[in-house]
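For reference, the chains in residue letters:
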Amino acid sequence: MSITYNQTAKTFFLKTKNSSYVMKISDFDNLLHLYYGAPIPDENLDYLIQLQDRGFSPNPFEAGNNRSFSLDFLPQEFSTNENGDYRSSSIEVQNPDGSRTFSGKVTEYHIEEGKHLLETMPSLRAGSEDTVHTLTIRLTDEAAGLCADLIYSVFEEKDVITRSVLLTNSGSAPVKVGRLMSATLDFMDSDYDLIYFAGRHTMEREEIRIPVERGIHSIGSTRGTSSHQYNPSVILCTKGADEDQGKCYGFSLIYSGNFLIEAEKDQYSQLRLNAGINPKGFSYALAPGESLEAPEMVLAFTCRGLTALSHIYHDVYRENLCRSPYVKRPRPVLINSWEAAYFDFDEEKLLNIAKNAAQMGVELFVLDDGWFGKRNNDSSSLGDWTVNRAKLKHGLKGLSDQIHNMGLSFGLWIEPEMVSEDSDLYRAHPDWCLRVPGRPAVRGRYQLVLDLSRPDVCRYLADTINHLLSEARIEYIKWDMNRSLSDAWSGMLDRNSQGEVYHKYILGLYRIMDEVILTHPDVIFCGCSGGGGRYDPGMYYYQPQIWCSDNTDAISRLKIQYGTSFIYPMSALESHVSICPNHQTGRTVSLKTRGIVAMDGIFGYELDSTRLSEDEKAQCRAQVQAYKRFEDLILTGDYYRLTSPYTNPFFTAWQYVSKDKRRAVVSLVLTDKESNDAQRFVKPRGLLADAFYQVDGTDRVLSGSLLMNAGIPIPFELKEYEGIQFGLTLLEGEPR
Ligand code: DGJ
C-alpha cells in the first residue's frame with residue numbers, strides 16, 4: 001500500500017518506488033509536513049521538529065502556555081492565514097464577518113484506491129498498469145464555515161505524487177476566496193537551487209538556475225495564459241545536482257491560465273514552495289454549498305539528477321496526462337503555409353506548395369492563417385470562420401479534396417478565442433468580448449478576446465469548430481491564440497464576481513476543448529499561442545503536440561528546445577525546417593542543420609517548397625526518411641540532454657534512446673567554431689555499458705561503456721552551425 005496512516009505517531013506515510021512523503025497531525029490538529037525525499041522506512045519522525053520559543057513567533061490559543069509551538073516556523077502542508085504564519089500562504093479568504101482568518105484543523109481523512117480526477121480541469125489519470133492510491137485529508141475551519149480537502153494521489157511505480165485542493169463553503173453565508181494554492185511544500189532546509197524557464201515571444205523557456213536566497217522568488221503569469229514569459233513547471237535541486245546525479249524535485253502545475261510559483265526562504269532558512277492560481281486579479285465568491293477546485297500539481301522526486309527527473313515527467317505526461325490517441329503514435333510530417341505565404345496566397349499557390357512538398361515526402365499540408373472572412377492581414381475577420389472564396393475558389397472542401405488527391409492529408413489553422421472588431425461576429429455580438437463598461441478595450445495584434453467565462457460564447461465556439469470540422473476532410477487543427485488577456489470583465493457576472501473571469505475563461509476553454517478535441521480523437525490538434533505562449537501541462541492534456549516557438553531559427557531553437565525538454569516530452573514539441581536567412585533572426589544555417597534541429601521533436605517544414613531546388617528537395621526527402629527511421633524513439637524513448645547550450649558554448653548535443661536500449665540516435669550542432677580548434681568529444685548516455693553498438697553508416701563497433709566514457713570525436717572539418725546525427729544500434733552476438 002503506497003499510503004498508510006500510523007495511528008500512534010499520527011503520521012501519513014506516502015511512498016513511491018524511490019521517494020517517501022510524510023505528514024503529521026500535530027497535538028493541536030494542524031497538518032504538518034515532515035519529509036519529502038529519498039525512500040525512508042515508516043519510522044517515527046517526530047524528532048525532526050525541534051520546538052523552541054522564538055521571539056515574535058505567536059502561539060495559537062490552543063497551545064495554551066506552550067510558547068514553543070508556533071505556525072511561524074512549523075513546516076505545514078497547507079498554511080493557515082492570519083493565524084501566526086507570516087510566510088507565503090496557501091489560502092486567503094474573506095469570511096462573512098469581514099475577517100480573513102482561515103485555520104484549518106484535520107477533522108477526517110480517507111484513503112482509497114485509484115486516482116482522484118479533477119472535475120473542472122485536466123488531471124492525471126491512472127493507466128491500466130498503474131497502482132494508484134488517493135488520500136484525502138480534510139482541514140476544517142468551523143468558525144469560517146470552510147473545509148479544504150487536500151488530495152494526494154500516489155503513482156507508486158512512476159515516482160509521482162499529485163496534489164490538489166477542493167475548498168468547500170460548508171457555512172451559511174458566502175465567502176470570498178482571494179487565494180487558493182494547489183500545493184504548499186515546506187522544507188526544513190533550504191540549500192537548493194531553483195530552476196525555472198523564462199522567456200519572451202520567440203525566445204521561450206530559457207533555463208534559469210539560481211540559488212534560493214532569503215526572500216521570495218516569484219514567477220508566474222497574469223496574462224490569462226500560462227505565457228511565453230514563465231512556465232508553470234519548476235525544479236528545486238541540490239547545489240551540485242546535474243544531469244546524472246543530485247536530488248531533484250519537480251513541481252508542474254496542470255493549468256493554462258494565470259499561475260504563481262513562489263520559493264520562499266524564511267528567517268530560519270527553511271524553504272517554502274507554493275504554487276497555484278495567481279491570486280493577482282483573482283477573487284472567487286463561494287456561495288454556501290459551493291466548492292472551488294485548485295489545479296493539480298504534479299510532484300516528482302529523484303536522487304539521480306535532472307535527466308532522471310525529466311524521464312519521470314516525460315513518461316507520466318505521455319502515459320497519464322495526454323488524452324490524444326496520437327500521443328505515442330507516429331504523426332504525419334507536415335508542411336505549414338505560414339512562413340511560406342503568410343496572408344498572400346490563393347488556391348493555386350497552395351496546391352503548388354503541396355505538390356512540391358509531396359515530392360519531399362511530406363504527408364500533411366497545413367493551411368495557416370488567412371483563409372477565412374476577408375483576412376488579408378491580421379487586422380480583420382477573426383470570428384468569421386467561413387472560407388474566403390476570393391482566395392480559395394473551391395472552398396475548403398475543394399482545397400482539401402485536391403490536397404488529398406495528391407496523397408497528403410489536410411490541416412487547418414484557427415484562432416477561435418479571438419474576435420476582430422472588423423468581423424461579422426463582433427458586429428453581431430459586441431458584448432461577447434472582454435471589455436470593461438465605459439472603457440475602450442485594449443487591443444493586441446488588433447484583436448479582442450472573446451469572453452470564454454460566458455457559457456453562451458463557449459457553446460457558440462464549440463458548435464462553430466465542430467461544424468468547421470464537418471465541412472471538409474480535416475485531419476489536423478492548429479489551435480492558435482495570439483494575445484495576452486486584458487480588460488477581464490464579463491457581462492455575465494455580477495460586480496462581486498469579476499475576479500473570477502480569468503479562471504472561468506480557462507475553465508470555459510477546457511469545456512470547449514472537451515467538446516471539440518475529445519470528441520474528434522482522429523484529428524491531431526496542435527496547440528499554439530504565438531508559438532510557445534501556452535506550452536503547459538493543461539494544454540498537453542488535449543493536444544499531443546504544441547508549436548514550441550514562432551522562432552524557427554535552428555540556433556535559437558537549440559536553447560528553446562533544451563529548456564522545454566526538462567519537463568515536457570519531445571513528442572509534444574512541434575519543430576519545423578524554415579527558409580534562410582531565417583525570418584526571425586536573419587541567420588543562415590545549412591539545410592542539414594535545420595533538419596537535425598527540427599527532428600528534435602515532431603518534424604515538419606514551414607517554407608515555400610516551390611522555391612527549393614531539386615537538390616534541396618532531395619535533401620528534404622532524405623531528412624523525412626531519416627526522421628521516420630527513429631521517429632519511434634522520439635515518441636516512446638528516453639531523452640538525454642548531452643550538453644547544455646548555456647554552459648557549453650562549443651556545441652549542443654542531445655540523444656534519444658529506445659526503452660530497451662537497443663537503439664539510439666545522437667544529434668549535435670556546432671555553435672562556436674574556433675580556428676585550429678581543440679578536439680572535442682560527444683559522449684552518448686543511457687546505453688548498456690557491456691553491450692556493443694554499431695555506429696550507423698560506419699563499420700565502427702564500440703562498447704556502450706567506451707561510447708559513454710570516452711565518447712566519439714567531433715570531426716575537425718565540421719564548421720560553425722553545422723551538425724551531425726548518427727544512430728547507434730546494439731550488435732547481437734560477439735563484437736567484431
Ligand atoms: C502565430 C503562430 O505562432 C504562427 O505560427 C502563425 O500561425 C501565426 N500566428 C498566424 O497568424
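Residues numbered from 1 in each chain as written. Predicted model: local features only at pLDDT ≥ 70, side-chain atom pairs only at ≥ 80, totals over all residues. Heavy atoms only, no water.

J.: Run through helix H9 (residues 554-564), naming residues and quoting values.
T.: By the criterion of burial, H9 is predominantly enclosed, with ten of the eleven residues buried. Turning to H9, its buried residues number three or more, namely Ala554, Ile555, Ser556, Arg557, Leu558, Ile560, Gln561, Tyr562, Gly563 and Thr564. One side-chain oxygen at the N-terminal end of H9 lies 3.0 Å from the backbone nitrogen of Ile555; it belongs to Asp553. (Buried < 20%, exposed > 50% of the residue type's maximum accessible area, 1.4 Å probe, protein only. Helix = DSSP H or I, 4+ residues; strand = E, 2+ residues; numbered from the N terminus. Polar contact = N/O pair within 3.5 Å; in protein donor to acceptor, adjacent residues only side chain to side chain.)

J.: Requested: an account of the packing of aromatic side chains, with residues and values cited.
T.: Considering all chains together, one arrives at 35 aromatic pairs under this definition. Measuring from ring centre to ring centre gives 4.9 Å for Trp338 and Tyr342, while their planes differ by 75°; the resulting arrangement is edge-to-face. Judged by relative accessible area, Trp338 falls into the buried class, the value being 18%. For Tyr342, a relative accessible area of 30% puts it in the partly exposed group. Taken together, the aromatic side chains of Tyr21, Tyr36, Tyr152, Phe187, Tyr192, Tyr249 and Phe301 make up a single cluster linked through ring pairs. Sitting above the plane of the Phe73 ring, Arg54 keeps its charged end 5.4 Å from the centroid. (Phe/Tyr/Trp six-rings, centres within 6.5 Å; stacked < 30°, edge-to-face > 60°. Lys NZ or Arg CZ within 6 Å of the ring centre and 35° of its normal.)

J.: A description of the site of the ligand should follow, citing residues and the corresponding values.
T.: Taken together, 13 residues form the shell around the ligand, and within it Asp368, Asp369, Lys478, Asp480 and Asp550 come nearest. Gly531 is positioned such that a nitrogen or oxygen atom in its backbone is 2.9 Å from an oxygen atom of the ligand. For the ligand, an oxygen atom lies 3.4 Å from a polar atom in the side chain of Trp547. When the ligand is considered free in solution it has 290 Å² of accessible area, and contact with the protein chains removes 97% of it. (Near = heavy atom within 4 Å. Areas by Shrake-Rupley, 256 points an atom, 1.4 Å probe, with all protein chains shown as cover.)

J.: Any chance you could break down helix H6 (residues 455-471) for me, citing the residues and the numbers?
T.: The end-to-end C-alpha distance of H6 is 24 Å, a good match for the 24 Å that 17 residues give at a rise of 1.5 Å each. Within H6 the residues assigned to the buried category are Val457, Cys458, Leu461, Ala462, Thr464, Ile465, Leu468 and Leu469. In a view along the axis of H6, the buried residues occupy a sector of 165°, so they form one face of it. H6 presents Pro455 and Ser470 as exposed residues on the side facing more than 90 degrees away from its buried surface. (Expected span 1.5 Å × (residues − 1). Arc of directions from axis to C-beta.)

J.: Can you break down the nonpolar core residue by residue, with the values?
T.: Within the largest apolar cluster, 196 residues are counted, with the highest numbers of intra-cluster contacts made by Trp371 and Tyr605. Ignoring sequence-local partners within four residues, the contact set of Trp371 consists of Phe345, Trp385, Thr386, Val387, Asn388, Leu392, Leu396, Leu412, Trp413, Ile414 and Leu468. (Core = buried A, V, L, I, M, F, W, Y, C linked by side-chain atoms within 4.5 Å. Contact = heavy atoms within 4.5 Å.)

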